[in-house]
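# Remarks on the overall topology
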Amino acid sequence: PTDPNRPNLISRFLSPSYTDISVGIDWKYKNLFSLYISPVAGRITSCTDTTLNINYLGERYVEKKLAEGVNPTVKAEFGASLKATVMYSEIENFKIISNVTLFTPYNKNFGNIDVDWDLSVSYQFLKVLNVSVGTQLKYYDSVMIQGKNDDKPTQHVQFKAVLGLGIGYSF
């Protein structure tokens, strides 16, 4: 928001929420690699917060729905999806798991690819301690993010890193 008396709103519950539904072929190589290809995929994007729905549903889509007299909170897209997963655990107590999901809609934005990439590295030592490092990278073509200088919202890569330390005991 441009109001200086109101804090910068980041998100609320289900703002946004992404649901993917697809039919495809999953090819696996041992327990190391999996490749899922789906030429028939659907993505449902919901944003229940009306102050954020332009950013997540797309400005043109929201303006079109508002002109029709509808307050949009959900957008459905049909397209193609590809998901690759690597699960490396050949070294005792050490795991690497990486997932990348690519989606492109079958409309005028065909070829604009949405990217979700997750990477997790974990190591267990002393049978009770676990250390993990994880990253998430997201790039959605239709998600607009406000710049720091109040510029017009544009697409950006979103990145998150997490460091975790856990203690567990099995009996």
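Everything below is about the structure shown above.
Residues numbered from 1 in each chain as written. Predicted model: local features only at pLDDT ≥ 70, side-chain atom pairs only at ≥ 80, totals over all residues. Heavy atoms only, no water.

### A word on the overall build of the protein chain
When you go through the protein chain residue by residue, the secondary structure sums to two helices and seven strands. In the protein chain, the order of α-helices and β-strands from amino to carboxyl end is β-β-α-α-β-β-β-β-β. Taking all 171 residues of the protein chain together, 23% fall into the buried category. Partitioning the contacts of the protein chain with sequence separation of at least 6, the portion at a separation of at least 24 is 50%. In the form shown here, the protein chain has an accessible surface area of approximately 11,900 Å², with 60% of it arising from carbon and sulfur atoms. (Helix = DSSP H or I, 4+ residues; strand = E, 2+ residues; numbered from the N terminus. Buried < 20%, exposed > 50% of the residue type's maximum accessible area, 1.4 Å probe, protein only. Contact = heavy atoms within 4.5 Å. Areas by Shrake-Rupley, 256 points an atom, 1.4 Å probe, with all protein chains shown as cover.)

### Description of the pattern of salt bridges
Under the defined criterion, the tally for this structure stands at three salt bridges. Here D114 makes a salt bridge to R43, at a shortest N to O gap of 3.0 Å. Residue D114 is located in strand 5 (residues 114–125), and its partner R43 is located in strand 2 (residues 33–46); the two are separated by 71 residues in the primary sequence. Accessibility classification places D114 together with R43 in one group, the buried group. Linking D116 and K138 is a salt bridge whose minimum nitrogen-to-oxygen distance equals 3.0 Å. You can see D116 sitting in strand 5 and its partner K138 sitting in strand 6 (residues 129–139), a full 22 residues away along the chain. Look at D116 and you get buried, because its relative accessible area is 13%. Here K138 falls in the partly exposed class, since its relative accessible area comes to 26%. (Salt bridge = Lys/Arg side-chain N within 4 Å of Asp/Glu carboxyl O.)

### A look at the layout of surface pockets
In this structure, the second largest pocket spans a volume of roughly 460 Å³. Considering the residues around the second largest pocket, the lining is formed by 18 residues, among which G58, R60, Y61, K75 and N109 are closest to the centre. Going through the elements one at a time, helix 2 (59–67) and strand 3 (74–88) are the ones with two or more residues in the lining of the second largest pocket. It is helix 2 that provides the largest number of residues to the lining of the second largest pocket, a total of four residues. Among the residues forming the lining of the second largest pocket, the class breakdown is four nonpolar, six polar and eight charged. (1 Å grid on protein atoms, 1.4 Å probe; cavity = no way out; pocket = protein on both sides within 12 Å on 5 of 7 lines; lining within 4 Å. Points joined across faces, edges and corners; volume = space filled by probe spheres on them. Nonpolar A, V, L, I, M, F, W, Y, C, P; charged D, E, K, R; others polar.)

### As for the sheet that holds strand 1 (residues 17–29)
Sheet strands pair by backbone hydrogen bonding; their relative direction is either parallel or antiparallel. Across the sheet, which stays open at both edges, the seven strands sit in the order 1-2-3-4-5-6-7 with antiparallel pairing between neighbours. If you trace the sheet from one side to the other, it starts and ends with strand 1 and strand 7 (158–167), each paired once. Neighbour-to-neighbour, the strand axes of the sheet open up by a mean angle of 15°, direction not taken into account. When strand 1 meets strand 2, the two strands line up antiparallel, connected through twelve bridges. Within strand 2, the position partnered with D26 by the bridge is Y36. (Pairing = 2+ DSSP bridges. Axes fitted to C-alpha atoms, helices over the stretch in contact; angles between N-to-C directions.)

### Thoughts on empty space enclosed by the protein
Applying the stated criterion to the full structure yields two cavities of 30 Å³ or more. In this model, the largest cavity occupies a volume close to 70 Å³. Looking at the largest cavity, the residues that line it are K75, E77, P105, N109, N112, D114, D141 and S142. Here the residues of the lining of the largest cavity are counted per class, giving one nonpolar, three polar and four charged. Here the second largest cavity defines a volume of roughly 40 Å³. Around the second largest cavity sit Y18, R43, T45, Y56, K75, E77, D114, Y140, S142 and V143, which together line it.

In short, geometric facts, not functional conclusions.
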